[in-house]
Amino acid sequence: MSVLLTNIGELVTNDPVHGGTSEPRAGGPGDGLGIVAGAAVVVEAGRIAWTGPASSAPAADEVVDLGGRCVLPGFVDSHSHTVFAGDRSAEFAARMTGEPYTGGGIANTVAATRAASEQALRARGQALVREMLAQGTTTVEIKSGYGQDIATEARMLRIARELTPETTYLGAHTVPAEYAGDRAAYLHLVTGPMLAACAPHARWVDVFCEPAAPTAFDEDESRAVLTAGLRAGLLARVHGNQLSAGPGVRLAVEVGAASVDHCTHLTDADVDALAGSWADGAGTVATLLPAIEFSTRSPYPDARRLLAAGVPVALATDCNPGSGYSSSMPFVVALAVREMRMSPAEALWSATAGGAAALRRDDVGHLRVGARADLTVLDAPSHLYLAYRPGVPLVSQVWKDGARATPPR
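What counts as what
Residues numbered from 1 in each chain as written. Predicted model: local features only at pLDDT ≥ 70, side-chain atom pairs only at ≥ 80, totals over all residues. Heavy atoms only, no water. Phe/Tyr/Trp six-rings, centres within 6.5 Å; stacked < 30°, edge-to-face > 60°. Lys NZ or Arg CZ within 6 Å of the ring centre and 35° of its normal. Salt bridge = Lys/Arg side-chain N within 4 Å of Asp/Glu carboxyl O. Helix = DSSP H or I, 4+ residues; strand = E, 2+ residues; numbered from the N terminus. Buried < 20%, exposed > 50% of the residue type's maximum accessible area, 1.4 Å probe, protein only. Contact = heavy atoms within 4.5 Å. Arc of directions from axis to C-beta.

Asks: So what's going on with the packing of aromatic side chains? Residues and values would help.
Replies: A complete count under the given rule lists five aromatic pairs for this structure. Here Y179 and Y186 contribute two aromatic rings whose centre-to-centre distance is 5.2 Å and whose plane-to-plane angle is 50 degrees, an arrangement assigned as tilted. Cluster of aromatic residues (ring-pair linked, three or more members): F84, Y146 and Y325. Over the face of the ring belonging to F217 we find R183, whose NZ or CZ atom lies 5.8 Å from the ring centre. Lying over the aromatic face of W204, R237 brings its terminal NZ or CZ to 4.3 Å of the ring centre.

Asks: Please provide a residue-by-residue account of the pattern of salt bridges, values included.
Replies: One pass over the structure, following the stated rule, counts 24 salt bridges. The salt bridge involving R158 is made with E118; its shortest N-O contact spans 3.6 Å. Of this pair, R158 sits in helix α4 (residues 150-163) while E118 is found in helix α3 (residues 118-134), placing the two residues 40 residues apart along the sequence. For R158, a relative accessible area of 35% gives the class partly exposed.

Asks: How would you sum up the environment of V140? Please name residues and give values.
Replies: Along the chain, V140 turns up in strand β7 (residues 137-143). Through-space distance from the C-alpha of V140 to that of S382 is 24 Å; in sequence the pair is 242 residues apart. Ignoring sequence-local partners within four residues, the contact set of V140 consists of D77, S80, V129, M132, T164 and E166.

Asks: Quick rundown of helix α2 (residues 106-115)? Include the residues and the values.
Replies: All of the buried residues along α2 are I106, T109, V110 and T113. With its buried residues spanning 105 degrees around the axis, α2 presents them on a single face. Set apart from the buried face of α2 by more than 90 degrees, the exposed residues are N108 and A115.

Following this line, the structure appears as structure tokens:
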């Protein structure tokens with residue numbers, strides 16, 4: 001059955017053939033947001049079948065009048081940790097009164113996650129994904145990393161795979177306390193038996209490459225993790241350069257990672273490496289996570305520096321219980337505009353098409369014919385309202401795979 005969504009005040013397609021935006025580069029290799037005013041969309045069999053002016057729309061089996069609202073591609077949240085147990089609100093409160101963020105609180109979540117039942121972990125993950133969907137996120141990546149033993153890591157990924165195809169093995173999140181005196185043994189576990197148990201449930205391998213954090217992984221350890229994951233058939237992504245300048249970005253480019261995430265502390269060589277990775281095709285996306293800087297009172301990444309160098313940028317929530325417990329991509333867009341000086345168009349592109357690039361997906365993040373019919377409808381006339389009205393529940397309804405996934409309001 002075909003459905004015509006019509007009376008769309010502003011349609012953001014991320015398809016440059018539509019034109020209509022004053023910014024030829026919105027943070028990536030495309031030519032803009034491809035805005036169509038007075039638009040309509042036809043969806044059929046879960047895909048976009050037609051877009052264009054409402055006055056030229058073809059007939060369809062069902063017609064839905066969107067009342068002049070703005071329609072966007074569904075947000076693509078390419079970095080989250082939404083399967084876990086426990087609570088770290090006290091840690092947040094301590095940071096707000098001056099305690100620095102070091103990443104060490106992950107151990108608290110590991111203990112709670114190991115002790116939790118599969119039912120409890122599934123319920124938490126399902127609730128957070130529903131919360132994301134209600135805020136316009138139609139594609140989400142979910143990492144393991146709070147088990148740090150074979151059974152719990154595999155269990156987390158099995159649950160995550162029920163929620164999304166974009167699952168990431170992050171056994172190398174931190175070194176757990178029981179291996180503090182024998183890091184080599186934990187590295188052997190992560191690259192051997194744990195990887196073997198987890199790879200069937202994962203698409204990606206990730207590592208927290210952060211020499212500034214004593215429980216994270218240095219360059220050689222991180223390379224070993226990524227190399228083992230690649231040999232097991234997984235694709236690579238990296239946590240890098242969050243707490244200090246370090247090897248994470250350059251390592252990500254070296255191994256052909258789809259994305260390096262955080263990018264808070266970058267050298268000129270890091271920026272050059274990211275830009276150069278795109279010279280011969282698909283390179284490494286810089287995924288920025290401003291909700292983390294908001295929650296940890298850390299410096300924000302320099303998005304303008306990356307954009308000026310031609311580096312494709314993605315935005316994601318990094319939703320997790322410790323350093324940033326927000327599931328809201330609209331909040332992330334508003335932070336990117338206010339705190340990282342991205343334009344509204346750049347931020348929106350990065351939260352949709354940029355996230356898709358970070359997941360090496362060409363079927364989401366845009367509304368070209370043939371794309372998945374994943375759409376976010378704003379109770380607003382323009383995408384500018386995402387930053388213009390921060391904190392306001394602007395998402396009116398969400399369509400996923402061509403079906404209404406949330407009730408209209």
